[in-house]
Amino acid sequence: MLPWRHFRWLIPLLAIVMRLLPGPRTIDDAYITYRYARNLLSGHGMVYNPGEPVLGTSTPLYTLIMSGAGALSGGRGADFPELSWALNAVLAALACSLLMRLGRQLQAPSAGVAGALVWAIAPMSVTFDIGGMETALTIALMLGAFSAALGHRWVLAAGLGALGLLARPDTLIYVGPLAAERLRQALPRSRLNQQQRPIGAYEILAFAAPIGVWVILSTSIYGSPLPQSITAKVAAYQLPPEAAFIRLLQHYATPFLAHLTLGNWWIGAGLLLYPILFLLGSVETLRRQVASWPLLSFPLLYLATFSLANPLIFRWYLAPPLPAYFLGIFLGVERVSRDLKLPRLGIAITLLAFALTAGGWTLSPDHGPSRPSPEMAYIELELLYEGVGRELDSRLSEGQVLAAGDIGALGYVTDARMLDTVGLVTPVAVGYYPLQASAYSINYAMSSDLILDEAPDYVVLLEVYGRNTLLQDQRIDDAYAQYRVFDTDIYGSEGMIVLQRKEAR
């Protein structure tokens, strides 16, 4: 397909440039991680609200890395969006290098180059890298673990797998299969296992030590090593039972965003074309290297796991399976090119995939920094919350509580004590959900009872969050006055509303 030696250094460089070009476009959830890191540097511990030991971030490893980076660049006053933007660019370059390495390990270097080339500019990667999310770290650790396992470097694979679990708990989807493959290789020699590789003490230690330390520390501090956010999201959001499955099917049908150029009819075509190419490439590779099954099964296991769990699919949930999916698709392209005896077909398809993926970029975004960026890197809601936060910051007195359903940008800008009405950092909120079906205009609605019981001084909400609850409740009218309405139609809202408790006026 492609002469990979000529691209070994250019592609990681391209990945860095394509992340530095847009500048930071920070996503609301990233601000939650930044606030945990900032409080750790301030001596409050790794908490969101000082004095409230709640693990509301699902990425303790990235939080610790951000805290370390902040300690080296200004301490509590460090510019965390800038730090994560730069770090994620480097991690993305590492991921591209690992994709090329995986291609060589699978004896298909051109497929690795093709996958890395597209990943370097993919909006599903760039958006969350410049958005400050832990996605780049999670994917780099994942690809590193796959590569180490294929190279029989099991101590390294075990260590990277453990770090992956500390980066995001859903990485268990690939850590489990890697552990199963390691056990298979440790079995006595058989027809399926010609070379026995006993499990060594260093492998066990490399995995158990990071996990063990975290379990002990987190249990002593928070009462559990599991993030509070898992429970909160399951309780707060109302979804049809097939929502995650349909969203992921659409995602797997559009890995190169061809529908943006060719039209939505392509989603149906892609739902057949890409899985077929993926399976053609995967089956042939598995015949050659059975040990590649954890890597090649990951996109399918990811689809199955999230479809069964059916969480609300946030945009960054869609990124982790793509590198392996890209690789499998280009393995299939390589096989088809070889079977048809058309060696240039692979090059043409790779360049077409690159061009279609680039179609997901815009030269001049309609909000935020006016530098080229992916279309999907929209941060209108975050910018609105930042503006609201700056206005409220001058009004909030020490000790006053600010309630919101999206706490990231608001909490970062104001540094106020936050009542998280979803429950990510406020466990008491979880008990108020789910609400009756009539309360929901979209997949989330703010609970009136929660607001009345906890009595925050200010409540910030998109109108659609309270359309059938707070804004229809006389008890709220009696307790709160409308401070201001900010103009927006995000999620179909008729503005963003700020309520002030009457006793606090």
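Everything in this summary refers to the structure shown in the same document. Chains are numbered independently. Their residues run from 1 in the order of the written sequence. At least 70 in pLDDT is required for a residue's local features to be given in this predicted model, at least 80 for side-chain atom pairs to be given and counted, and no such filter applies to totals for whole chains, interfaces and linings, which use all residues. No hydrogens and no water enter the side-chain calculation; it runs on all heavy atoms of the structure.

1. Let's talk about the environment of Val 336
Part 1 of the argument: Only DSSP runs of H or I covering at least 4 residues are called helices, and only runs of E covering at least 2 are called strands; the numbering of each starts at the N terminus. Residue position: Val 336 is located in helix α16 (residues 322-339).
Part 2 of the argument: A residue is classified by how much of its surface remains accessible, and Val 336, at 25% relative accessible area, is partly exposed.
Part 3 of the argument: Taking the C-alpha atoms as reference, Val 336 lies 8.4 Å from Gly 346; in sequence the two are 10 residues apart.
Part 4 of the argument: A contact between two residues is defined here by any heavy atoms of the two lying within 4.5 Å. Contact partners of Val 336, with chain neighbours within four places excluded, come to Leu 277, Leu 280 and Leu 345. Think of it in three bands: residues with accessible area under 20% of the maximum for their type are buried, residues over 50% are exposed, and the middle band is partly exposed, with areas taken using a 1.4 Å probe on protein chains only.

2. Looking at the nonpolar core
Part 1 of the argument: Nine residue types can take part in a nonpolar core, namely buried Ala, Val, Leu, Ile, Met, Phe, Trp, Tyr and Cys, and a core is a set of them joined through side-chain atoms within 4.5 Å. Within the largest apolar cluster, 154 residues are counted, with the highest numbers of intra-cluster contacts made by Trp 119 and Val 460.
Part 2 of the argument: With residues up to four places along the chain from it excluded, the contact list for Val 460 reads Tyr 385, Val 388, Leu 392, Leu 402, Ala 403, Ala 404, Gly 405, Leu 410, Met 446, Met 496, Ile 497 and Val 498.

3. Remarks on the sheet that holds strand β6 (residues 480-486)
Part 1 of the argument: Reading across the sheet, the five strands line up as β4-β3-β5-β7-β6 and stay open at both edges, with mixed pairing between neighbours. Because the sheet does not close on itself, it has two edges, and the strands there are β4 (417-420) and β6. Between one strand axis and the next, the sheet turns by 25° as a mean value, whatever way the strands run.
Part 2 of the argument: DSSP bridges decide pairing: two strands pair if at least two such bridges lie between them. Here strand β3 (residues 401-404) pairs with strand β5 (residues 458-462) via three bridges, running parallel. Among the inter-strand pairings, Ala 404 is bridged to a residue of β5, identified as Val 460. Axis definition: a line fitted to C-alpha atoms, over the contacting stretch in the case of helices. Angles run 0 to 180 degrees between N-to-C directions.

4. Re the packing of aromatic side chains
Part 1 of the argument: Between 30 and 60 degrees the pair is tilted, below 30 it is stacked and above 60 it is edge-to-face, where a pair is any two Phe, Tyr or Trp rings, Trp via its six-membered ring, whose centres lie within 6.5 Å. As enumerated under the stated definition, the model contains 28 aromatic pairs in all.
Part 2 of the argument: The side chain of Arg 38 reaches across the aromatic face of Tyr 412, ending 4.4 Å from its centre. Over a ring means this: the NZ of a Lys or the CZ of an Arg is within 6 Å of the ring centre and within 35 degrees of the ring normal.

5. Thoughts on a nonpolar patch on the surface
Part 1 of the argument: In this analysis, a patch consists of residues with relative accessible area above 30% that form no salt bridge, clustered at 9 Å for like charges and at 5 Å for the nonpolar side chains Val, Leu, Ile, Met, Phe, Trp and Tyr. Areas reported as accessible are Shrake-Rupley estimates using a 1.4 Å probe. Residue values count occlusion only from the protein chains shown. Here, a salt bridge means any side-chain nitrogen of Lys or Arg that lies within 4 Å of a carboxyl oxygen of Asp or Glu. Side chains of Leu 10, Leu 13 and Val 17 sit close together on the surface and give an oily, nonpolar patch of about 280 Å² of accessible area.
Part 2 of the argument: Within the secondary structure, Leu 10 is located in helix α1 (residues 10-20).
Part 3 of the argument: Given a relative accessible area of 53%, Leu 10 falls into the exposed group.

6. What about the pattern of salt bridges?
Any two side chains of opposite charge can pair, on the condition that their charged atoms come close.
Part 1 of the argument: Applying the stated criterion across every chain, the model contains 16 salt bridges.
Part 2 of the argument: Where Arg 484 meets Glu 391, a salt bridge forms, and the shortest distance between an N and an O atom there is 2.5 Å. Residue Arg 484 is located in strand β6, and its partner Glu 391 is located in helix α18 (residues 380-393); the two are separated by 93 residues in the primary sequence.
Part 3 of the argument: The exposure class of Glu 391 is partly exposed, given its relative accessible area of 23%.
Part 4 of the argument: The salt bridge involving Arg 501 is made with Glu 503; its shortest N-O contact spans 3.1 Å.

7. A closer look at the pairing of β4
Part 1 of the argument: The pairing of β3 with β4 spans four bridges and is parallel. Of the residues in β4, the one forming a bridge with Val 401 is Arg 417.
Part 2 of the argument: Taken together, β3, helix α19 (residues 408-414) and β4 constitute a β-α-β crossover, and its handedness is right-handed. Here is how to tell: hold the view so the strands point away, follow the path from the first strand over the helix to the second, and if it runs clockwise the crossover is right-handed.

8. Focus on the environment of Leu 178
Part 1 of the argument: Note that Leu 178 resides in helix α9 (residues 172-186).
Part 2 of the argument: The class for Leu 178 is buried, based on a relative accessible area of 8%.
Part 3 of the argument: In this structure, the C-alpha to C-alpha distance between Leu 178 and Asp 449, residues 271 residues apart in sequence, is 46 Å.
Part 4 of the argument: Not counting residues within four places of it along the chain, the set of residues in contact with Leu 178 comprises Ala 145, Phe 146, Ala 149, Trp 154 and Pro 294.

9. Thoughts on the side chain of Arg 335
Part 1 of the argument: Among the structural elements, Arg 335 can be located in helix α16.
Part 2 of the argument: Taking relative accessible area as the criterion, Arg 335 reaches 19% and is therefore assigned buried.
Part 3 of the argument: Excluding anything up to four places from it in sequence, Arg 335 contacts Leu 280 and Glu 284.

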